[in-house]
Amino acid sequence: MIVNRNKPLKNTIFDILSSAKIMKKIPFYFLLAVFFASCNATKHVAEGEFMLTENSINIDSVKTKSSNLQKYILQKRNPRFLGLPLSLYFHNLGNHEKPETPTEWAEENSKSYNFVKKVFSEKQSIAYSNYFINLNKWFLKYPHPEIVSNNKVKRTADNLWAYYKTQGFFRSSVNSKISKDSADKKATVTYYIKKGKPTLLDTIHIKIESPVLDSIYRNSGLETLLKTNDQYKDQVFRNEASKVVKLFRNNGVYHFAEAALGFYVDSTRTDYKTNVDFIIAKNRLIEENGQYKEKPYKIHTIKEVNVITDYSFTRKDESPTNSVSYNGINFLSYNKLKYSPKYLSQSIFLKPGKIYKDTLRNLTRTHLKSLQNFKSTNIKFTADPASENELKMDVFLAPLEKYTLGTETELTHSNVRNLGVSGKFSITDRNAFKGAELLKLSFLGSWFNSNTGPGWEIGADASLEIPRFLAPFGLSKFVPKAMSPRTLFSLGSSFQKNIGLDRQTFTILTDYKWQYNDKKTIQLEILNTQYIQNLNVNSFFTIYNSEYESLNSVAKVFYNDANRVLNLPEEAVSFMNTLVANNSFQNTNPEEYNISLNILNRYNIITSDFLIPTIAYTFTYNSQRDFKDNNFSFFKIRVANSGNVLGLLSDKENANNKKTFLNIPLAQYFKTDIEFKKFWDVGNNSVFGFRTFLGAIITYDNSDVPFTKSYFAGGSNDIRAWQTYELGPGSRNSGLEFNVGNFKFLTSAEYRFDVVSKLKGALFIDAGNIWDISGSSFIEEEAKFTNLSSLKNIAVGSGFGARLDFNFLILRFDVGFKTYEPYLDGNKWFKNYSFNDAVYNVGINYPF
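Just so it is clear, the structure is predicted and the values come from calculations on it, not from any experiment. (Residues numbered from 1 in each chain as written. Predicted model: local features only at pLDDT ≥ 70, side-chain atom pairs only at ≥ 80, totals over all residues. Heavy atoms only, no water.)

Read from one edge to the other, the open sheet built from 5 strands follows the order β11-β12-β10-β14-β13, with strand pairing classed as mixed. The open sheet is flanked by β11 (322-326) and β13 (374-383), the only strands paired with a single partner. Each neighbouring strand pair of the sheet contributes to a mean axis angle of 20°, computed without reference to strand direction. Where β11 meets strand β12 (residues 329-333), 5 bridges bridge the pair, whose relative direction is antiparallel. When the bridges of β12 are listed, Val324 appears paired with Phe331. Each of β13 and β14 (390-399) touches helix α11 (residues 358-370); the most contacted strand, β13, lies at about 160° to it. (Pairing = 2+ DSSP bridges. Helix = DSSP H or I, 4+ residues; strand = E, 2+ residues; numbered from the N terminus. Axes fitted to C-alpha atoms, helices over the stretch in contact; angles between N-to-C directions. Contact = heavy atoms within 4.5 Å.)

With that settled, the discussion passes to the pairing of β12. Where burial is concerned, most of β12 is hidden: 4 out of the 5 residues are buried. Of the strand pairs in this sheet, strand β10 (residues 301-308) and β12 are connected by 4 bridges, and their pairing is parallel. In the sheet register, Ile308 faces β12, and the bridge partner there is Leu332. Linking two consecutive strands that pair antiparallel, namely β11 and β12, is a turn of 2 residues; a positive phi of about 50° is found at Asn327 within it. (Buried < 20%, exposed > 50% of the residue type's maximum accessible area, 1.4 Å probe, protein only.)

What follows deals with the environment of Ile674. Tracing the sequence through the fold places Ile674 in strand β27 (residues 669-683). C-alpha separation for the pair Ile674 and His255, spaced 419 residues apart in sequence, amounts to 47 Å. Dropping the residues within four chain positions of it, Ile674 is found in contact with Phe635, Lys636, Ile637, Thr692, Phe693 and Leu694.

Here the structure, examined in full by the defined rule, presents 39 salt bridges. A salt bridge links Glu780 to Arg732; the nearest nitrogen and oxygen atoms lie 3.0 Å apart. Of this pair, Glu780 sits in the loop between β30 (759-771) and β31 (795-805) while Arg732 sits in the loop between β28 (686-699) and β29 (743-756), placing them 48 residues apart in sequence. Assigned by exposure class, Glu780 and Arg732 land together as buried. Of the charged contacts, one joins Arg803 and Glu750 as a salt bridge, the two residues approaching to 3.1 Å between their closest N and O atoms. (Salt bridge = Lys/Arg side-chain N within 4 Å of Asp/Glu carboxyl O.)

Under the 1.5 Å per step criterion, the end-to-end length of α11 is 18 Å for 13 residues, consistent within 8% with the ideal 18 Å. Each element contacted by the buried residues of α11 is listed here: α9 (234-249), α10 (341-344), β13 and β14. Looking one or two residues beyond α11, the residue adopting positive phi is Gln372, at roughly 55°. (Expected span 1.5 Å × (residues − 1).)

Three or more residues of helix α8 (residues 211-220) are buried, namely Leu213, Ile216 and Tyr217. Here the buried residues of α8 occupy an arc of 95° about the axis, which is enough to place them on one side. In α8, the exposed residues that point more than 90 degrees away from the buried face are Pro211, Arg218 and Asn219. Buried residues along α8 sit in contact with β5 (200-208), α9 and β7 (273-280). Gly221 sits one or two residues past α8 and shows a positive phi near 70°. (Arc of directions from axis to C-beta.)

A few words now on the packing of helix α5 (residues 110-119) against helix α6 (residues 122-140). Put simply, α5 and α6 touch, their axes get as near as 7 Å, and they point 140° apart. Between α5 and α6, the interaxial angle falls into the category oblique. Along this stretch, α5 crosses α6, giving a crossing that reads as right-handed. Between α5, through Ser112, Tyr113, Val116 and Lys117, and α6, the contact on the second element is made entirely by Glu122, Gln124, Ser125, Ile126, Tyr128 and Ser129. Partitioned by chemical class, the residues of the contact of α5 with α6 number 4 nonpolar, 4 polar and 2 charged. (Parallel < 35°, antiparallel > 145°, perpendicular 65-115°, else oblique. Left-handed = near helix turned anticlockwise from the far one by under 90°. Nonpolar A, V, L, I, M, F, W, Y, C, P; charged D, E, K, R; others polar.)

This is the structure we're talking about:
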């Protein structure tokens, strides 16, 4: 290095460092330039071709964006994120003409290939070339430009015409226009739809030629969906056909199928009306020896029911060696029969001698699957050759492994825990007592690091799920077997170290659950009792350091000593108890007195042990058909009471005037949680979701609400602009480590959309808060919910998120910005709306 003697050395060093920084930025600027170079969307569009940028639909000269019509359009423009076709930009980073083998790459890049070969080896040079080849292929895997196809445009127009025909617009017309921009090699497609006048239904005539079918139809009182003067709609005819098929098949006509139905309409009438002839065939067609024959419809009954309990495909040609008959049902097995016929028969709803019904067949299949004992359930019906109206029913059950091991792991991070890891190990014993019961033993453990040092938790629980009601006094008769009743018994315990106050928990649970129908579920918790014991109450002021600082500020005033610091824990606790009875200090320093009183109240609640005997009722409505259904509603309400029965059995109280049972403070409260969720499929793999939650806890008999049963606000599944326990209550900005309340309102709206491949995006708004409705004199006014004017203290957060969809789970990252902060003075909107004050949330699966 040559140094200019006439130039100060420090400037020379500065220049060298600056040059080094510039050199470090060169790769970044280079990559940025390369990416923007790829932003030429039509880079890979050949001459004479045009990239589709927009589809538009005009219905009777009015432009529409109806999502119902999008599914009929065969060509869609490239997916966009914030208006940009990012996946197309990634595709354009690739090159279709690049080499696809190391040999071809070496010929095109001989200098680079030979340099690596000379410095390292030919193996390394091949790996070097493969890197660039695979990188190019990776870019090209992203969607290519969507090129306008005349054929697809025509087929789309045909699709739209066919759709409007199904809606009764028999004289509609659809034309298309492709608008091309030769300079940019882009094009838009417009579809012009003229619906015309709809056709109405006129006279409706139903003709049933089969005496058996006619008798069933007439006696059923089934009301037809086809009404005179209604507009013709293809879906109504389909629904009518489905209703009729269900009617006959649920009345024993096993061989009836939709092919036996015929609807005949006249679309040529000039008055835009049509008669409807609804004809049901007299006989069914069967094939015998290559010829079709007609056979009359008959009502079938079940002659025989066989249940093979250990079926496997490898033994399908063998005959079962064991057989037991119970209530007319034959239970067969290749090995020793492991299931109790008495209990397994409760899942078989088609019985010998009964009329065949589709609903009972489906119910049998659903019930058997819900036992979680069989990996496959196959039901086969065979006509009895000796009788034309009897069926043999064979149920093939392939059992799951008796013992199953399960593991779960999770990484956690919050404002309390810097980093944590948890794990759970479980073993499940299926058919534990030969009644398809599920016996499950679980062991859990977690470790985390926080500002107060490392902590851990261990626990274990045992549960027994019985696929029927186990209840005294014949109460099980009130819930039919068809509703898949369940009884769950559970017993568990957990122990914490350096987590809060080192809580030890014992839980015992008896739970009843049944499926009222395919959308409604009812759950009843008869005996849900939890005992919470705090083993390290002396660490209260260490964990809740902000409380300790506030108490020290009071002590400095009380002792008139600016340097006074209370010793932990004895002096701090003693000081609070002493101050309560000091009327003189209350009169002279009411503000400091109330601060100490509030701290003492929170200290007593949080450090108290609790017995929480809960009785609860939960109703759930869920209209989602399967996990792919994005148009559904969800509603859940849970009403719970704690301590009512045991409170009547005990009249003892502790020193804080709280009712006790076996010398343990009794939690006595009513709690109601209401949650509603609604989702809309808005097209293009995008979903809009809405969620709202309302919860309230009301105590009685001077009881407190246990900390674990209180509400909190903030977190990755809550108001995402605040961390867990950080927000509220009300407009209070306490600075406490844990903020809780007994009244909560939360609502969220989220728009979810595709970005690139497995990467999904989201925009969201969360609003809500917690308040206190206990009426306690210890609670500050700004923390109370007094009337509707308290709703002005609803906090609002907004943000965006990215999600990686791996099908079996969603890995989620959300950034929440504080949009409205009710605790601020003056302007509360967008005061801390920045990345520095944002909360970064990592979660598994969607927040709601």
